[in-house]
Amino acid sequence: MKKLRLILILSLTILFSCARFSDTEKKIDPSLSLWYDKPAAEWTEALPLGNGRIGAMVYGEPQNETIQFNEETLWSGQPHDYANSGAHNYLEEIRQLLWEGKQDEAHELGNQQFMSQPFGQLSYLPFGNIELNFPGHKEVTSYKRQLNLENAVSSVFYEVDGVKFKREVFASAPDQAIVIRLEASENGALNFAAGLDSPHSDYEVSVDGDQIILKGKANNYHNELGRDGKPYPKSKLTFEARLRIEHEGGGLVQFEDSIAVVNARKATLFLVAATSFVNYADISGNPEERCIESLANLEGKHYQTLKDKHIEDYRKLFNRVSLNLGNSEISERPTDQRLTSFYEDEDPSLVSLLFQYGRYLLISSSRPGTQPANLQGIWNDRMAPPWDSKYTININTEMNYWPAEMTNLSECAEPLFTMVEDLSQTGQNVAKEHYNLEGWVTHHNTDLWRGAAPINHANHGIWPTGGAWLSQHLWWHYQYSGDKGFLKNRAYPALKEASRFFADYLVPWPENPEWLVSGPSNSPELGGLVMGPTMDHQIIRELFANTIEAAEILDVDEDFAAMLKSKREKIAPNQIGKYGQLQEWLEDVDDPNEKHRHVSHLWGLHPGNEIHPITTPELAEACKVTLSHRGDGGTGWSRAWKINFWARLLDGDHAFLLLKNLMVPSKSEETNYEDKGGLYFNLFDAHPPFQIDGNFGATSGIVEMLMQSHLRDENGDFYQDLLPALPSKLQTGKISGIKGRGGFELDITWENEKLITVKVKSLLGNKLHMRYMDKSVSSETIAGETYLFGPKDFL
């Protein structure tokens with residue numbers, strides 16, 4: 001908005017309803033609310049809202065409020081095939097250079113001949129800002145802003161000269177809008193001006209009746225040329241947002257680019273937004289028509305009706321799981337104060353809050369029919385965001401979805417499945433052009449245009465197992481849901497064609513021709529191009545195993561599955577090095593002083609399942625050595641991954657230490673207000689800068705402490721391992737509604753570090769196997785029935 005103007009019509013006299021101002025606040029569980037006694041001073045203090053497609057960040061400033069918003073399909077660029085035609089002609093030469101130990105030459109050749117066109121991918125962009133100006137609201141009292149996770153509503157409360165003001169904002173999925181409610185406790189006391197603006201260069205704002213209209217075209221990528229000197233594709237997406245204003249009492253005054261509301265009691269604002277994006281190959285959509293249709297769907301709907309519908313929709317997902325770890329007086333303080341002192345006071349209620357915040361963020365950023373959550377979910381205020389706020393798939397995108405199945409949010413993983421299906425199409429051309437192989441392949445990044453070729457630099461961009469890792473999530477969905485239709489029609493085709501690629505990509509290791517190895521590749525993002533990184537082998541082994549089992553379940557492709565079995569047995573095994581560590585590479589060259597954020601070669605421990613203290617104790621001990629070398633620090637998401645590692649190693653206290661190390665302020669007096677790994681005051685994960693993956697990784701890690709279900713018996717049935725890594729700091733609690741593989745929903749209660757009860761609902765009628773404290777119990781089940789167990793059942 002170019003300039004907000006407000007005319008106060010003091011002589012306007014209108015009769016108002018005598019409805020009482022709703023200033024009463026229901027006491028909110030401190031494990032389900034973020035709240036603060038001052039406005040957000042910067043973006044990472046603002047509070048996030050989202051309906052899966054549109055995201056908003058609410059600052060809560062009394063006088064000059066900004067609500068920054070995004071729409072998930074506003075990216076730079078245009079439909080584009082990133083494959084480098086003929087790159088496969090240099091594949092064997094790169095391999096030979098690596099066999100000969102000429103890594104620098106391999107990097108040079110890779111950068112010259114093997115990389116994506118252009119060298120990088122495109123970026124997720126901010127859309128615009130809602131600007132609200134409230135004259136005379138600079139000095140306020142009784143200030144409070146909050147985000148209530150129970151209903152996904154952000155609120156602001158304050159007083160000015162004895163008049164109480166209240167704001168509510170939510171992102172409605174059913175009605176596809178950001179809804180803003182403004183109220184004053186006295187008739188005629190609500191006066192404000194509203195406008196829209198955008199950080200893009202090409203946009204215009206106009207007013208039509210009670211609507212403010214923002215139209216524009218996406219900026220080009222912030223770098224004109226890639227590192228190879230070739231231009232990035234120009235941006236072609238167009239966009240539109242409309243802000244419609246309803247008021248109760250008072251009147252509207254229209255200006256060229258803004259609207260003023262004068263002498264009102266209440267007002268409701270509706271923001272809708274759209275782009276011309278249809279799919280990764282089609283941008284022919286009409287954002288104006290989409291916005292008009294969205295506002296038409298809101299016509300005549302009362303605010304309370306919209307709010308109730310929003311809450312009902314949200315709670316169908318959120319209320320499936322609860323976590324109660326207790327609280328005390330320290331839990332009642334503002335969230336920034338709680339975070340600042342957590343390392344000392346270890347308030348268990350804040351652990352519950354962080355756990356549920358991860359679920360809230362996933363619901364808010366990933367719904368059926370939307371794009372998947374990217375590096376920042378759906379929230380981004382920068383035109384040149386870190387790492388382009390795209391999809392980094394050598395850990396970060398996958399971490400976003402670790403909690404989806406286990407915390408009963410399977411629907412929220414649907415966008416990821418769709419992206420994998422897209423990549424299985426675009427990745428076919430990359431497999432052909434870069435490797436001259438059938439099947440599909442994706443490297444370490446993708447974007448809205450579903451780029452699948454290696455990007456950035458050969459030393460870390462040539463990593464072909466991104467798609468194989470993503471495919472794990474489709475298999476997980478089948479393991480949790482038992483949905484054979486999904487397995488047949490969606491999961492198996494992706495698994496099969498990914499396996500087809502790797503069956504021919506593996507090559508014999510010259511030093512031991514009986515072993516098959518992957519390469520050229522790297523161990524993200526450390527050590528450069530190599531042949532045979534441990535992580536690749538772990539991912540490919542699991543990919544083959546999942547594909548083989550899927551083929552057996554579906555009774556298809558017997559010969560293909562037999563071929564995969566034969567190849568799988570020959571993949572180079574995990575090795576223990578001279579320090580007792582799990583080797584990261586074929587050669588024993590690990591540096592015990594290396595503190596790198598990635599711990600890629602422990603993939604087989606988590607999220608894989610081939611290493612565990614019960615099944616492979618020697619390899620598990622080697623993982624402990626590796627983790628001791630890497631340390632308990634790192635970026636925010638690295639600390640989150642380590643929570644999961646230590647939980648899988650059945651060391652709850654060490655897992656909790658990593659959780660503590662994550663739950664520290666990223667910016668504080670102790671850090672001289674410079675970003676460090678940890679959390680921002682709005683509890684966003686700090687790499688730094690902001691990356692949302694650590695939020696989701698923390699939620700997953702907390703579940704892994706309390707229940708694990710990835711291990712199986714000799715018949716292939718899953719164990720539900722109860723309290724496998726319970727920290728001594730979380731002595732008492734209850735978690736309800738979490739899901740285990742095999743089709744089970746569990747409520748677990750414990751006191752003084754001992755199991756009290758476990759209630760299990762069988763969703764599929766599979767045989768139930770549970771373990772607790774080295775004891776196990778098995779039971780046949782009936783689908784839909786619930787079963788109750790206690791400590792005596794594990795004697």
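Each chain has its residues counted from 1, running along the sequence as written. Since the coordinates come from a predicted model, pLDDT governs what is reported: local features require at least 70, and pairs of side-chain atoms require 80 or more to be given and counted, while whole-chain, interface and lining totals use all residues. Note that the side-chain values use all heavy atoms of the structure and ignore hydrogens as well as water.

Peer 1: Looking at this structure, how should I read helix α15 (residues 617-630)?
Peer 2: Residues separated by three or four positions in an α-helix point in the same direction, a consequence of the helix having 3.6 residues per turn. Strands here mean DSSP runs of E at least two residues long; helices mean DSSP runs of H or I at least four residues long; both are numbered from the N terminus. Every helix has an expected span of 1.5 Å times one less than the residues it contains. Its 14 residues give α15 an end-to-end C-alpha distance of 20 Å, which sits within 8% of 20 Å, the value for a rise of 1.5 Å per residue. The complete set of buried residues in α15 reads Leu-619, Ala-620, Ala-622, Cys-623, Thr-626, Leu-627, His-629 and Arg-630. The buried residues of α15 occupy an angular sector of 170° when the element is viewed end-on, so they sit on one face. The inward-facing, buried residues of α15 abut β23 (526-530) and α16 (636-648). Just downstream of α15, Gly-631 is the residue with a positive phi angle, here 90°. A 1.4 Å probe rolled over the protein chains alone gives each residue an accessible area, and that area as a share of the maximum for its type sets the label: buried under 20%, exposed over 50%, partly exposed in between. Summarising the geometry, the arc corresponds to the directions from the helix axis toward the C-beta atoms. In what follows, residue pairs with any heavy atoms lying within 4.5 Å of each other are defined as contacts.

Peer 1: I would appreciate a short explanation of the pairing of strand β27 (residues 719-722) in the present structure.
Peer 2: Here β27 shows a buried face lined by Tyr-719 and Asp-721 and a second buried face lined by Gln-720 and Leu-722. Any two strands are treated as partners once DSSP identifies two or more bridges connecting them. Looking at chain direction, strand β26 (residues 707-708) and β27 are connected through two bridges and run antiparallel. Paired with Met-707 across the two strands is Leu-722, which belongs to β27. The sheet contact formed by β27 and strand β31 (residues 768-772) spans three bridges and is parallel. Residue Tyr-719 lies in a different strand from β31, and its bridge partner there is His-769.

Peer 1: Quick question: what am I supposed to make of the side chain of Ser-471 here?
Peer 2: Along the chain, Ser-471 turns up in helix α11 (residues 466-481). Setting aside anything within four residues of it in sequence, one finds Ser-471 in contact with Val-420, Trp-440, Ala-494, Leu-495, Ala-498 and Leu-543.

Peer 1: Could you clarify how one ought to interpret the sheet that holds strand β30 (residues 754-762) in this entry?
Peer 2: Across the sheet, five strands lie side by side as β17-β28-β29-β30-β33; this open sheet has antiparallel pairing. The open sheet is flanked by β17 (322-324) and β33 (786-789), the only strands paired with a single partner. If you compare each strand with its neighbour and ignore which way they point, the axes differ by 20° on average. Taken together, the eight bridges between strand β29 (residues 744-751) and β30 define a ladder with antiparallel strand orientation. Looking at the pairing, Phe-744 lines up with Ser-762 of β30. The axes used here are C-alpha line fits, helices contributing only the stretch in contact, and every angle between their N-to-C directions lies in the interval 0 to 180 degrees.

Peer 1: Where do I start with helix α12 (residues 484-505) in this structure?
Peer 2: Taking 1.5 Å as the rise per residue, α12 with 22 residues should run 32 Å; its terminal C-alpha atoms sit 29 Å apart, in good agreement. Ala-491 marks the point of greatest bend in α12, at about 45°, and the proline Pro-493 comes within the next four residues. Put simply, Asp-483 is the residue that caps the front of α12, since its side-chain oxygen is 3.0 Å from the backbone nitrogen of Gly-485. Bend at a given residue is defined as the angle between two axes, one fitted to the seven residues that end at that position and one fitted to the seven that begin there. Pairs of N or O atoms are called polar contacts if they sit within 3.5 Å, as long as, within protein, a hydrogen donor faces a hydrogen acceptor (for residues adjacent in sequence, only side-chain-to-side-chain pairs).

Peer 1: Would you take a moment to explain the packing of α16 against helix α17 (residues 652-662) for this structure?
Peer 2: Each packed pair of helices is defined by two parameters, the angle between the axes and the distance between the axes. As a packed pair, α16 and α17 sit with axes 8 Å apart at the nearest point and diverge in direction by 165°. What the angle tells us is that α16 and α17 run roughly antiparallel. Seen from above, α16 lies across α17 with left-handed handedness. Packed against α16, whose contacting residues are Gly-636, Arg-639, Ala-640, Lys-642, Ile-643, Trp-646 and Ala-647, the element α17 presents His-654, Ala-655, Leu-658, Leu-659, Asn-661 and Leu-662 at the interface. Angles are sorted into four bins: roughly parallel if under 35 degrees, roughly antiparallel if over 145, roughly perpendicular if 65 to 115, and oblique for all others. Crossings are sorted by hand: turned counterclockwise from the far helix by less than a right angle, the near helix makes the crossing left-handed, and turned clockwise it makes it right-handed.

Peer 1: Looking at this model, I keep getting lost on the sheet that holds strand β14 (residues 251-254). Mind explaining?
Peer 2: Two strands in a sheet stick together by hydrogen bonds in their backbones, pointing the same way (parallel) or opposite ways (antiparallel). Strand order in this open sheet of seven strands is β2-β3-β4-β5-β10-β15-β14, and the pairing throughout is antiparallel. Bordering the open sheet on either side are β2 (47-50) and β14, each of which pairs with just one other strand. Ignoring strand direction, the axes of neighbouring strands in this sheet form an average angle of 20°. In the sheet, strand β4 (residues 64-71) pairs with strand β5 (residues 128-133) via six bridges, with the strands oriented antiparallel. In the sheet register, Asn-64 faces β5, and the bridge partner there is Asn-133.

Peer 1: What's the story with the packing of α16 against helix α18 (residues 693-706) in this structure? I'm lost.
Peer 2: Packing of α16 against α18 brings their axes to within 8 Å, and their N-to-C directions diverge by 15°. Looking at the two axes, α16 sits roughly parallel to α18. The hand of the α16/α18 crossing is left-handed. Of the residues in α18, those in contact with Gly-636, Trp-637, Ala-640, Ile-643, Asn-644, Ala-647 and Arg-648 of α16 are Asp-693, Gly-694, Gly-697, Ala-698, Ser-700, Gly-701, Glu-704 and Met-705. For this classification, Asp, Glu, Lys and Arg are treated as charged, while Ala, Val, Leu, Ile, Met, Phe, Trp, Tyr, Cys and Pro are nonpolar and the rest, including Gly, are polar. Of the residues in the contact of α16 with α18, the class split is six nonpolar, six polar and three charged.

Peer 1: Where do I start with the pattern of salt bridges in this structure?
Peer 2: In a structure, side chains of opposite charge can pair up when their charged atoms sit close to one another. Take a side-chain nitrogen of Lys or Arg and a carboxyl oxygen of Asp or Glu: if they are within 4 Å of each other, that pair is a salt bridge. Enumeration over the complete set of coordinates arrives at 39 salt bridges. Among the ionic pairs, Glu-497 bridges to Arg-500, the shortest N-O distance being 3.0 Å. On the criterion of helical spacing, the pair formed by Glu-497 and Arg-500 is a turn pair, its members being three residues apart in helix α12. Judged by its relative accessible area of 25%, Glu-497 is partly exposed. For Arg-500, a relative accessible area of 27% gives the class partly exposed. Residue Glu-525 pairs with Arg-597 through a salt bridge whose shortest N-O separation is 3.1 Å. Linking Glu-525 in the loop between β22 (521-523) and β23 with Arg-597 in the loop between α14 (558-570) and α15, this pair joins segments that are 72 residues apart in sequence. Among the charged side chains, a network of salt bridges with common partners joins Lys-215, Glu-240, Arg-242 and Glu-288.

Peer 1: Would you mind going over the environment of Leu-49 with me for this structure?
Peer 2: Mapped onto the secondary structure, Leu-49 falls in strand β2. Distance in space between the C-alpha atoms of Leu-49 and Leu-361 is 8.2 Å, their sequence separation being 312 residues. Leave out the neighbours within four places in its chain, and Leu-49 touches Ile-54, Gly-55, Ala-56, Val-58, Leu-147, Ala-152, Ser-154, Val-169, Phe-170, Ala-171, Tyr-360 and Trp-379.

Peer 1: Looking at this model, I keep getting lost on the nonpolar core. Mind explaining?
Peer 2: Within soluble globular proteins, side chains that are nonpolar tend to cluster in buried spots. To qualify as a nonpolar core, a set must consist of buried Ala, Val, Leu, Ile, Met, Phe, Trp, Tyr and Cys residues joined through side-chain atoms within 4.5 Å. Leu-149, Phe-192, Leu-269, Tyr-360, Leu-722 and Ile-748 are the most contacted members of the largest nonpolar core, which totals 226 residues. The dominant element in this core, judged by the number of residues it contributes, is α12, at eleven residues. Contacts of Tyr-360, omitting those with residues within four sequence positions, involve Pro-48, Leu-49, Leu-147, Leu-149, Ala-152, Tyr-314 and Phe-318. Listed in part, the twelve residues of the second largest apolar core include Val-179, Val-272, Ala-274 and Leu-298.

Peer 1: Where do I start with the confidence of the model for the protein chain in this structure?
Peer 2: Low-pLDDT portions of the prediction should not be read for the details of their coordinates. Mean pLDDT over the protein chain stands at 95; residues scoring 70 or higher make up 96%. Per residue, pLDDT captures the predictor's confidence, and it can take any value from 0 to 100. Scored below 50 in pLDDT, residues 1-20 shows 54 contacts in the model against residues more than four places distant or in partner chains.

Peer 1: What is the right way to read the pairing of strand β13 (residues 238-248) from this model?
Peer 2: For a regular strand, side chains alternate in direction, first toward one face of the sheet and then toward the other. Direction of pairing for strand β12 (residues 211-217) relative to β13: antiparallel, over a ladder of seven bridges. Pairing of Leu-214 across the sheet is with Ala-241, part of β13. In this sheet, strand β16 (residues 266-275) lies alongside β13 in antiparallel orientation, the contact comprising ten bridges. Its bridge partner being in β16, Phe-239 is matched across the sheet by Thr-275.

Peer 1: Help me understand the packing of aromatic side chains in this model?
Peer 2: To describe a pair of aromatic rings, you give the distance between the ring centres and the angle between the ring planes. For Phe, Tyr and Trp, where Trp contributes only its six-membered ring, two rings pair if their centres lie within 6.5 Å, and the inter-plane angle classes them as stacked under 30 degrees, edge-to-face over 60, or tilted in between. Summed over the entire model, instances satisfying the criterion amount to 32 aromatic pairs. Here the aromatic rings of Trp-75 and Tyr-124 are separated by 5.6 Å at their centres, their planes lie at 50°, and the arrangement is tilted. One end of the pair, Trp-75, is in the loop between β4 and α1 (91-99); the other, Tyr-124, is in the loop between α2 (103-113) and β5, with 49 residues separating them in the sequence. Here the two residues Trp-75 and Tyr-124 agree in accessibility, since each one is buried. Aromatic rings pair up to connect Phe-114, Tyr-435, Phe-501, Phe-502 and Tyr-505 into one cluster. Both a distance and an angle decide whether a charge sits over a ring: NZ of Lys or CZ of Arg must be within 6 Å of the ring centre and within 35 degrees of the ring normal. Across the ring face of Tyr-505, the terminal group of Arg-95 is positioned such that the distance to the ring centre comes to 5.1 Å.

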